[in-house]
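Notes for the structure review
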Amino acid sequence: EAGVTQSPRYAVLQEGQAVSFWCDPISGHDTLYWYQQPRDQGPQLLVYFRDEAVIDNSQLPSDRFSAVRPKGTNSTLKIQSAKQGDTATYLCASSFTGVSAETLYFGSGTRLTVL
Amino acid sequence: GEQVEQRPPHLSVPEGDSAVIICTYTDSATAYFYWYKQEPGAGLQLLMSVFSNVDRKEEQGLTVLLNKKDKQLSLNLTAAHPGDSAVYFCAVSDGKLTFGHGTILRVHP
């Protein structure tokens, strides 16, 4: 079974540029998460979806970040005008909402550097 | 909201020794507990998950202890080997997953 797939693996931008990250979750997983992981820190939730609906985007900087999951499968996270403080690894995770604990499975991440 | 403290931030042990990582959390309603391993350039790999009705769980050289009274979760790697060198994260969930800041473990020969 394929795991969570993310692309690109790396991105380097100048401040003010835009970038998009793409995520393909595990087949059948209804919930998809985007996390931001600054260097030497734990992942911090940005947004998550159940199917195509946004469940929680309270930590997403809405003036510059946006995320969509139009068909309830793949998802795209976009940064409109990147800042140096956005430098981090962006992790996508997916899970299945079953009767027991939701275990998250993570992709390898996209490492973003904003110069 | 939930707060998770993880310690130590860095841990170096000789091969064959035990390595212990401890997390404390704040929300007594937290129901699910996880340990993840992250190797350089890779995503987070789930090591073990524990529900709140479990005090101890052992799998493949790993022991997780959950002390709900003290709101403490620990991971013990018994007989660590160099391949265990990585960053380890605890995570707790009360419906929303909150991670600790990570422990960089180095196991030296």
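Residues numbered from 1 in each chain as written. Chains lettered and ligands numbered in written order. Predicted model: local features only at pLDDT ≥ 70, side-chain atom pairs only at ≥ 80, totals over all residues. Heavy atoms only, no water.

Remarks on the environment of leucine 75 of chain B
All names here are of chain B. The condition is simple: Only DSSP runs of H or I with at least four residues qualify as helices, and only runs of E with at least two residues qualify as strands; both kinds are numbered from the N terminus onward. The contact definition used throughout considers only heavy atoms, calling two residues in contact when any of these lie within 4.5 Å.
With respect to the secondary-structure elements, leucine 75 resides in strand S8 (residues 72-77). Between the alpha carbons of leucine 75 and proline 9 there is a distance of 14 Å; along the sequence they are 66 residues apart. Beyond its immediate stretch of four places on either side in the chain, leucine 75 contacts Ala19, Val20, Ile21, Trp35, Leu47, Leu62, Thr63, Val64 and Tyr88.

Quick notes on the pattern of salt bridges
What counts is decided by this rule: Within this document, salt bridges are pairs made up of a side-chain nitrogen of Lys or Arg and a carboxyl oxygen of Asp or Glu, the two lying within 4 Å of each other. Partly exposed describes any residue whose relative accessible area lies between the buried limit of under 20% and the exposed limit of over 50%, with all areas from a 1.4 Å probe on protein chains only and scaled to the type maximum.
For the structure shown, the criterion picks out 5 salt bridges over all chains. A salt bridge links arginine 64 of chain A to aspartate 86 of chain A; its shortest N-O distance comes to 2.6 Å. Of the two residues, arginine 64 of chain A is situated in the loop between strand S6 (53-56) and strand S7 (65-68) and aspartate 86 of chain A in the loop between strand S8 (75-79) and strand S9 (88-95); the sequence distance between them amounts to 22 residues. Grouping residues by exposure puts arginine 64 of chain A and aspartate 86 of chain A together as buried. Here glutamate 59 of chain B and lysine 57 of chain B are joined by a salt bridge, their closest N and O atoms 3.8 Å apart. Judged by its relative accessible area of 35%, glutamate 59 of chain B is partly exposed. For lysine 57 of chain B, a relative accessible area of 26% puts it in the partly exposed group.

Re the interface of chain B and chain A
Which entries qualify depends on this criterion: Once two parts are joined, some of their accessible surface, as seen by a 1.4 Å probe, is lost; buried area is that loss totalled over both. Definition of a polar contact: a pair of N or O atoms within 3.5 Å, with one able to donate and the other able to accept a hydrogen when the atoms are protein atoms, and with sequence-neighbouring residues admitted only if both atoms are side-chain atoms.
Contacts between chain B and chain A engage 17 residues on the former and 21 residues on the latter. Contact between chain B and chain A buries roughly 1,400 Å² in total, counting both sides, with carbon and sulfur atoms accounting for 55%. In terms of surface lost to chain A, no three residues of chain B exceed Leu44, Lys96 and Phe99 of chain B, which account for 30% of the buried area on that side. Taken together, chain B and chain A are joined by 0 salt bridges. On inspection of chain B and its partner chain A, the count reaches 2 residue pairs in polar contact (both at pLDDT 80 or more). Contributing elements (two or more residues each) for the side of chain B that touches chain A: strand S4 (32-38), strand S5 (44-51) and strand S10 (97-99) of chain B. No other element matches the 4 residues that S4 of chain B contributes to the side of chain B that touches chain A.

Structural notes on the nonpolar core
A general tendency of soluble globular proteins is for nonpolar side chains to be buried together. Our working definition: Think of a nonpolar core as a cluster: buried Ala, Val, Leu, Ile, Met, Phe, Trp, Tyr and Cys residues, connected wherever their side-chain atoms sit within 4.5 Å.
Counting residues in hydrophobic clusters, the biggest one holds 25 residues, and the most contacted among them are Trp35, Leu73, Leu75, Tyr88 and Leu105 of chain B. In this structure, Val19, Cys23, Ala67 and Leu77 of chain A belong to the second largest nonpolar core, which totals 23 residues.

Side note on the sheet that holds strand S3 (residues 19-24) of chain A
Residue and element names in this part refer to chain A. To keep it simple, the criterion reads: Only when DSSP finds a minimum of two bridges between them are two strands counted as paired. Whenever a helix is involved, its axis is fitted only over the stretch in contact; in every case the axis is a line through C-alpha atoms, and angles between N-to-C directions fall within 0 to 180 degrees.
Taken in spatial order, the 4 strands of this open sheet run S1-S3-S8-S7, and their pairing is antiparallel. Because the sheet does not close on itself, it has two edges, and the strands there are strand S1 (5-7) and S7. Pairs of neighbouring strands in the sheet enclose a mean axial angle of 15°, with direction left out of account.

Describing the side chain of lysine 37 of chain B
All names here are of chain B. For the record, the criterion: Only four residue types enter the tally: Lys and Arg on the positive side, Asp and Glu on the negative side, with His and both chain ends excluded.
Here lysine 37 is to be found in strand S4. Among buried charged residues, lysine 37 stands out as having no salt bridge; its nearest opposite-charge side chain is glutamate 39, 4.0 Å away. In terms of polar contacts, lysine 37 uses its side chain to reach the backbone carbonyl oxygen of glycine 83, at 3.2 Å.

Quick notes on the sheet that holds strand S6 (residues 56-59) of chain B
All names here are of chain B. An order of S1-S3-S8-S7-S6 is seen for the 5 strands of this open sheet, with the pairing classed as antiparallel. Each end of this open sheet is capped by a strand with a single partner; those strands are strand S1 (4-7) and S6. For this sheet the average axis-to-axis angle between neighbouring strands, irrespective of direction, equals 15°. Here strand S7 (residues 62-67) runs beside S8; their pairing, made up of 6 bridges, is antiparallel. Note on S8: the bridge partner recorded for threonine 63 is asparagine 76.

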